[in-house]
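# Summary of the model geometry
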Amino acid sequence: MALKKVSDSRSFGGVQQVWSHESEATGCTMRFGLYLPPQAAHGHVPVLWWLSGLTCTEENFIVKAGAQRVAAELGMALVAPDTSPRGIALPGDREAWDFGVGASFYVDATREPWSRHYQMRRYITEELRGLVAAEFPLDDSRTAMSGHSMGGHGALTIALTCPNWIRSLSAFAPISSPMRCPWGEKALKGYLGEDRSSWATSDATALLISKGWSGPPILVDQGEADPFMATQLRPELLEAACAVAQVPLQLRRQPGYDHGYFFVSSFIEDHLRYHRSQL
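Notes on the structure in this doc start here. (Residues numbered from 1 in each chain as written. Predicted model: local features only at pLDDT ≥ 70, side-chain atom pairs only at ≥ 80, totals over all residues. Heavy atoms only, no water.)

## Focus: the overall build of the chain
Assigned secondary structure in the chain consists of nine helices and nine strands. The globule rule puts the C-alpha radius of gyration for 279 residues at 19 Å, and the 17 Å found for the chain is close to it. Its C-alpha atoms give the chain principal-axis dimensions of roughly 50 × 40 × 35 Å. For the chain, the proportion of contacts with a sequence separation of at least 24, taken over those separated by at least 6, is 71%. With an accessible surface of roughly 10800 Å², the chain has 51% of that area assigned to carbon and sulfur atoms. (Helix = DSSP H or I, 4+ residues; strand = E, 2+ residues; numbered from the N terminus. Rg over C-alpha atoms; globule rule 2.2 N^0.38 Å. Contact = heavy atoms within 4.5 Å. Areas by Shrake-Rupley, 256 points an atom, 1.4 Å probe, with all protein chains shown as cover.)

Right, here's the structure in full:
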(Lines give C-alpha, C1' and ligand atoms only; values in the text may rest on other atoms or scores of the structure.)
Protein backbone atom coordinates (compact mmCIF):
# COMPACT_ATOMS: atom_id res chain seq x y z
CA MET A 1 0.00 0.00 0.00
CA ALA A 2 1.61 3.22 -1.16
CA LEU A 3 2.16 5.95 1.42
CA LYS A 4 2.49 9.59 0.43
CA LYS A 5 4.21 12.00 2.79
CA VAL A 6 2.14 15.18 3.18
CA SER A 7 4.38 17.01 5.67
CA ASP A 8 7.50 16.44 7.75
CA SER A 9 8.54 18.79 10.59
CA ARG A 10 11.34 18.50 13.10
CA SER A 11 10.01 18.51 16.66
CA PHE A 12 11.94 17.99 19.94
CA GLY A 13 14.59 15.93 18.16
CA GLY A 14 12.02 13.72 16.47
CA VAL A 15 9.74 14.27 13.48
CA GLN A 16 6.07 15.15 13.21
CA GLN A 17 4.71 13.82 9.94
CA VAL A 18 1.39 13.57 8.12
CA TRP A 19 0.87 10.74 5.65
CA SER A 20 -1.88 9.85 3.19
CA HIS A 21 -2.78 6.58 1.54
CA GLU A 22 -5.59 4.90 -0.37
CA SER A 23 -7.73 2.87 2.02
CA GLU A 24 -9.47 -0.35 1.12
CA ALA A 25 -11.63 -0.18 4.25
CA THR A 26 -13.04 3.28 3.55
CA GLY A 27 -12.72 3.33 -0.24
CA CYS A 28 -11.04 6.74 -0.28
CA THR A 29 -7.84 8.60 0.56
CA MET A 30 -7.12 8.72 4.29
CA ARG A 31 -4.62 10.79 6.27
CA PHE A 32 -2.96 10.21 9.62
CA GLY A 33 -0.49 12.05 11.82
CA LEU A 34 2.63 10.27 13.07
CA TYR A 35 5.16 11.53 15.60
CA LEU A 36 8.41 9.57 15.74
CA PRO A 37 10.57 10.41 18.78
CA PRO A 38 14.37 10.59 18.50
CA GLN A 39 14.68 7.04 19.89
CA ALA A 40 12.90 5.67 16.79
CA ALA A 41 16.09 6.27 14.81
CA HIS A 42 17.69 3.43 16.78
CA GLY A 43 14.92 0.84 17.10
CA HIS A 44 11.26 0.14 17.65
CA VAL A 45 9.40 2.29 20.19
CA PRO A 46 6.09 1.97 22.06
CA VAL A 47 3.16 3.85 20.58
CA LEU A 48 0.10 5.79 21.71
CA TRP A 49 -2.86 5.90 19.35
CA TRP A 50 -4.95 9.06 19.71
CA LEU A 51 -8.55 9.23 18.46
CA SER A 52 -9.94 12.73 18.05
CA GLY A 53 -13.47 14.03 18.56
CA LEU A 54 -16.35 15.39 16.52
CA THR A 55 -15.44 17.73 13.62
CA CYS A 56 -11.69 17.07 14.05
CA THR A 57 -9.11 15.87 11.55
CA GLU A 58 -5.71 14.32 12.24
CA GLU A 59 -4.41 17.87 12.65
CA ASN A 60 -6.18 18.91 15.85
CA PHE A 61 -4.20 16.70 18.21
CA ILE A 62 -0.80 17.14 16.61
CA VAL A 63 -1.12 20.96 16.55
CA LYS A 64 -3.04 21.71 19.76
CA ALA A 65 -2.25 19.06 22.38
CA GLY A 66 1.46 19.79 22.81
CA ALA A 67 2.24 16.10 23.19
CA GLN A 68 5.50 15.92 21.22
CA ARG A 69 7.81 17.26 23.92
CA VAL A 70 6.89 14.59 26.45
CA ALA A 71 6.64 11.87 23.79
CA ALA A 72 10.22 12.71 22.78
CA GLU A 73 11.42 12.45 26.37
CA LEU A 74 9.63 9.14 26.91
CA GLY A 75 10.51 7.63 23.55
CA MET A 76 6.90 7.13 22.50
CA ALA A 77 5.46 7.37 19.00
CA LEU A 78 2.06 9.00 18.45
CA VAL A 79 -0.42 7.91 15.78
CA ALA A 80 -3.43 10.17 15.12
CA PRO A 81 -5.88 8.97 12.46
CA ASP A 82 -8.53 11.15 10.86
CA THR A 83 -12.04 10.92 12.30
CA SER A 84 -13.93 9.80 9.18
CA PRO A 85 -13.64 9.13 5.47
CA ARG A 86 -13.29 12.27 3.36
CA GLY A 87 -13.32 13.07 -0.33
CA ILE A 88 -16.48 11.08 -1.00
CA ALA A 89 -20.03 12.38 -1.28
CA LEU A 90 -22.84 10.59 0.53
CA PRO A 91 -26.38 11.93 0.96
CA GLY A 92 -26.54 14.13 4.05
CA ASP A 93 -22.93 13.60 5.08
CA ARG A 94 -22.33 17.34 5.56
CA GLU A 95 -25.72 18.50 6.80
CA ALA A 96 -24.80 18.26 10.50
CA TRP A 97 -21.56 18.51 12.46
CA ASP A 98 -22.42 15.47 14.62
CA PHE A 99 -23.06 12.96 11.82
CA GLY A 100 -21.22 12.09 8.62
CA VAL A 101 -17.93 13.81 7.79
CA GLY A 102 -15.83 14.25 10.93
CA ALA A 103 -18.25 12.16 12.97
CA SER A 104 -17.71 8.46 12.26
CA PHE A 105 -18.00 7.39 15.91
CA TYR A 106 -15.32 4.83 15.01
CA VAL A 107 -17.87 2.15 14.10
CA ASP A 108 -18.18 -0.21 11.16
CA ALA A 109 -21.42 0.99 9.58
CA THR A 110 -23.92 -1.65 8.48
CA ARG A 111 -26.56 0.66 7.05
CA GLU A 112 -26.42 1.85 3.43
CA PRO A 113 -24.94 4.04 2.07
CA TRP A 114 -22.58 4.42 5.06
CA SER A 115 -21.50 0.77 5.08
CA ARG A 116 -19.57 1.24 1.83
CA HIS A 117 -17.16 3.75 3.36
CA TYR A 118 -17.69 4.24 7.11
CA GLN A 119 -15.66 1.23 8.24
CA MET A 120 -13.59 3.17 10.71
CA ARG A 121 -13.15 0.51 13.38
CA ARG A 122 -11.83 -1.95 10.80
CA TYR A 123 -9.71 0.80 9.26
CA ILE A 124 -7.97 1.52 12.57
CA THR A 125 -7.71 -1.96 14.09
CA GLU A 126 -6.73 -3.82 10.93
CA GLU A 127 -5.69 -1.68 7.98
CA LEU A 128 -3.91 1.28 9.57
CA ARG A 129 -2.53 -0.83 12.41
CA GLY A 130 -0.91 -3.20 9.92
CA LEU A 131 0.32 -0.38 7.71
CA VAL A 132 2.14 1.62 10.38
CA ALA A 133 3.59 -1.52 11.99
CA ALA A 134 5.03 -2.58 8.64
CA GLU A 135 6.35 0.82 7.53
CA PHE A 136 7.62 2.46 10.73
CA PRO A 137 9.69 1.42 13.79
CA LEU A 138 6.68 0.99 16.09
CA ASP A 139 6.43 -1.81 18.64
CA ASP A 140 2.91 -3.13 18.05
CA SER A 141 3.16 -5.25 21.21
CA ARG A 142 3.49 -2.10 23.35
CA THR A 143 0.45 -0.06 22.34
CA ALA A 144 -1.71 2.36 24.33
CA MET A 145 -4.83 4.20 23.21
CA SER A 146 -6.49 7.44 24.24
CA GLY A 147 -8.88 9.95 22.78
CA HIS A 148 -11.14 12.93 23.35
CA SER A 149 -14.95 13.08 23.41
CA MET A 150 -16.13 10.96 20.45
CA GLY A 151 -12.52 9.77 20.27
CA GLY A 152 -12.63 8.85 23.95
CA HIS A 153 -15.62 6.67 23.13
CA GLY A 154 -13.65 5.18 20.23
CA ALA A 155 -10.61 4.50 22.39
CA LEU A 156 -12.69 2.78 25.06
CA THR A 157 -14.68 0.59 22.68
CA ILE A 158 -11.69 -0.41 20.55
CA ALA A 159 -9.49 -1.19 23.56
CA LEU A 160 -12.20 -3.21 25.29
CA THR A 161 -12.64 -5.36 22.18
CA CYS A 162 -8.90 -5.60 21.35
CA PRO A 163 -7.31 -6.47 24.71
CA ASN A 164 -4.49 -8.41 23.05
CA TRP A 165 -3.46 -5.25 21.20
CA ILE A 166 -4.19 -2.30 23.49
CA ARG A 167 -2.23 -2.65 26.74
CA SER A 168 -3.06 0.69 28.37
CA LEU A 169 -6.16 2.87 28.07
CA SER A 170 -7.21 6.41 28.87
CA ALA A 171 -9.66 9.07 27.70
CA PHE A 172 -10.48 12.76 27.95
CA ALA A 173 -14.16 13.61 28.45
CA PRO A 174 -15.35 10.48 26.62
CA ILE A 175 -18.88 9.87 25.42
CA SER A 176 -19.35 7.13 27.98
CA SER A 177 -22.55 5.55 26.69
CA PRO A 178 -23.60 6.48 23.14
CA MET A 179 -26.72 4.36 23.58
CA ARG A 180 -27.86 6.84 26.23
CA CYS A 181 -27.06 10.29 24.85
CA PRO A 182 -28.39 12.35 21.92
CA TRP A 183 -25.13 12.43 19.93
CA GLY A 184 -24.67 8.69 20.22
CA GLU A 185 -28.27 7.72 19.56
CA LYS A 186 -28.29 9.78 16.38
CA ALA A 187 -25.01 8.31 15.14
CA LEU A 188 -25.65 4.69 16.02
CA LYS A 189 -29.12 4.77 14.51
CA GLY A 190 -27.74 6.33 11.34
CA TYR A 191 -24.79 3.98 10.93
CA LEU A 192 -26.14 0.75 12.45
CA GLY A 193 -29.92 0.96 12.07
CA GLU A 194 -32.93 0.92 14.37
CA ASP A 195 -32.13 -2.30 16.26
CA ARG A 196 -30.65 -1.07 19.53
CA SER A 197 -29.33 -4.54 20.38
CA SER A 198 -26.78 -4.08 17.60
CA TRP A 199 -25.44 -0.96 19.32
CA ALA A 200 -24.02 -2.72 22.39
CA THR A 201 -20.60 -3.43 20.84
CA SER A 202 -20.25 0.33 20.26
CA ASP A 203 -21.02 1.34 23.83
CA ALA A 204 -18.26 1.32 26.45
CA THR A 205 -20.58 0.75 29.39
CA ALA A 206 -22.18 -2.30 27.76
CA LEU A 207 -18.76 -3.67 26.78
CA LEU A 208 -17.37 -3.22 30.28
CA ILE A 209 -20.20 -5.27 31.73
CA SER A 210 -20.07 -7.97 29.03
CA LYS A 211 -16.31 -8.22 28.48
CA GLY A 212 -14.56 -6.47 31.36
CA TRP A 213 -10.99 -5.18 31.10
CA SER A 214 -7.92 -7.04 32.34
CA GLY A 215 -5.44 -4.22 31.77
CA PRO A 216 -4.22 -1.56 34.20
CA PRO A 217 -6.65 1.01 35.62
CA ILE A 218 -8.42 3.11 33.00
CA LEU A 219 -7.44 6.76 33.36
CA VAL A 220 -10.14 9.34 32.53
CA ASP A 221 -10.06 13.11 32.91
CA GLN A 222 -13.32 15.06 32.85
CA GLY A 223 -13.63 18.84 33.11
CA GLU A 224 -16.29 19.88 35.59
CA ALA A 225 -17.10 23.01 33.55
CA ASP A 226 -17.68 20.92 30.41
CA PRO A 227 -21.05 22.02 28.95
CA PHE A 228 -21.62 18.53 27.48
CA MET A 229 -20.94 16.55 30.65
CA ALA A 230 -24.49 16.10 31.94
CA THR A 231 -26.31 15.35 28.69
CA GLN A 232 -23.77 13.85 26.26
CA LEU A 233 -20.74 12.52 28.15
CA ARG A 234 -22.30 11.16 31.35
CA PRO A 235 -19.16 10.01 33.20
CA GLU A 236 -21.30 8.64 36.02
CA LEU A 237 -22.44 5.86 33.66
CA LEU A 238 -18.84 4.85 32.99
CA GLU A 239 -18.14 4.93 36.70
CA ALA A 240 -21.15 2.72 37.43
CA ALA A 241 -20.28 0.21 34.70
CA CYS A 242 -16.72 -0.11 35.98
CA ALA A 243 -18.04 -0.71 39.48
CA VAL A 244 -20.35 -3.49 38.25
CA ALA A 245 -17.59 -5.08 36.16
CA GLN A 246 -15.00 -4.60 38.94
CA VAL A 247 -12.75 -2.77 36.51
CA PRO A 248 -10.37 -0.25 38.14
CA LEU A 249 -11.10 3.28 36.98
CA GLN A 250 -9.25 6.47 37.86
CA LEU A 251 -11.80 9.16 37.03
CA ARG A 252 -10.38 12.60 37.73
CA ARG A 253 -12.92 15.43 37.77
CA GLN A 254 -11.02 18.61 36.99
CA PRO A 255 -12.62 21.81 38.44
CA GLY A 256 -13.00 24.71 36.03
CA TYR A 257 -11.97 22.88 32.84
CA ASP A 258 -14.24 22.77 29.81
CA HIS A 259 -14.32 20.49 26.75
CA GLY A 260 -11.63 22.06 24.55
CA TYR A 261 -7.97 21.48 23.82
CA PHE A 262 -6.79 23.79 26.59
CA PHE A 263 -8.19 21.03 28.83
CA VAL A 264 -6.50 18.27 26.81
CA SER A 265 -3.15 20.05 26.70
CA SER A 266 -3.25 20.60 30.47
CA PHE A 267 -3.30 16.88 31.24
CA ILE A 268 -1.82 15.13 28.20
CA GLU A 269 1.56 14.86 29.95
CA ASP A 270 -0.03 12.90 32.79
CA HIS A 271 -1.57 10.48 30.31
CA LEU A 272 1.62 9.98 28.32
CA ARG A 273 3.62 9.28 31.47
CA TYR A 274 0.94 6.91 32.71
CA HIS A 275 0.92 4.94 29.46
CA ARG A 276 4.70 4.80 29.27
CA SER A 277 4.81 3.33 32.80
CA GLN A 278 2.44 0.57 31.68
CA LEU A 279 4.29 -0.20 28.45
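## Regarding the environment of phenylalanine 136
Structurally, phenylalanine 136 can be placed in the loop between α3 (120–135) and β6 (138–147). On the basis of relative accessibility, which here comes to 9%, the residue phenylalanine 136 falls in the buried class. A C-alpha to C-alpha distance of 20 Å links phenylalanine 136 and glutamate 59, two positions 77 residues apart in sequence. Aside from chain neighbours lying at most four places away, what touches phenylalanine 136 is Leu3, Gln17, Trp19, Phe32, Leu34, Leu36 and His44. (Buried < 20%, exposed > 50% of the residue type's maximum accessible area, 1.4 Å probe, protein only.)

## Some points on the environment of aspartate 98
By the secondary structure assignment, aspartate 98 is in the loop between β5 (77–81) and α3. It is 9.1 Å that separates the C-alpha atoms of aspartate 98 and glycine 184, two residues lying 86 residues apart in sequence. Within the structure, the side chain of aspartate 98 is placed 2.7 Å from the side chain of lysine 186, a separation counted as a polar contact. (Polar contact = N/O pair within 3.5 Å; in protein donor to acceptor, adjacent residues only side chain to side chain.)

## Observations regarding unusual backbone geometry
Cis peptide bonds are those with omega within 30 degrees of zero, and the linkage from glutamate 112 to proline 113 qualifies with 0°. With respect to the helices and strands, proline 113 occurs in the loop between β5 and α3. One non-glycine residue, phenylalanine 12, lies in the positive phi region at around 50°. Tracing the backbone shows phenylalanine 12 in the loop between β1 (3–11) and β2 (14–23).

## Quick look at the packing of helix α6 (residues 204–211) against helix α8 (residues 235–245)
Where α6 meets α8, the closest approach of the two axes is 8 Å, and the angle between their N-to-C directions is 5°. Classified by the angle their axes make, α6 and α8 are roughly parallel. Across the interface between the two elements, Thr205, Leu208 and Ile209 of α6 pack against Leu237, Leu238, Ala241, Cys242, Val244 and Ala245 of α8. Across the contact of α6 with α8, the residue classes break down as eight nonpolar, one polar and no charged. (Axes fitted to C-alpha atoms, helices over the stretch in contact; angles between N-to-C directions. Parallel < 35°, antiparallel > 145°, perpendicular 65-115°, else oblique. Nonpolar A, V, L, I, M, F, W, Y, C, P; charged D, E, K, R; others polar.)

## Description of the pattern of salt bridges
For the structure shown, the criterion picks out 18 salt bridges. In this structure, glutamate 73 engages arginine 273 in a salt bridge whose closest nitrogen and oxygen atoms are separated by 2.9 Å. In this pair, glutamate 73 sits in helix α2 (residues 68–74) while arginine 273 sits in helix α9 (residues 261–278), placing the two residues 200 residues apart along the sequence. One network of salt bridges, in which partners are shared, links Arg69, Glu73, Glu269 and Arg273. (Salt bridge = Lys/Arg side-chain N within 4 Å of Asp/Glu carboxyl O.)

The analysis is restricted to geometry; functional conclusions fall outside its scope.
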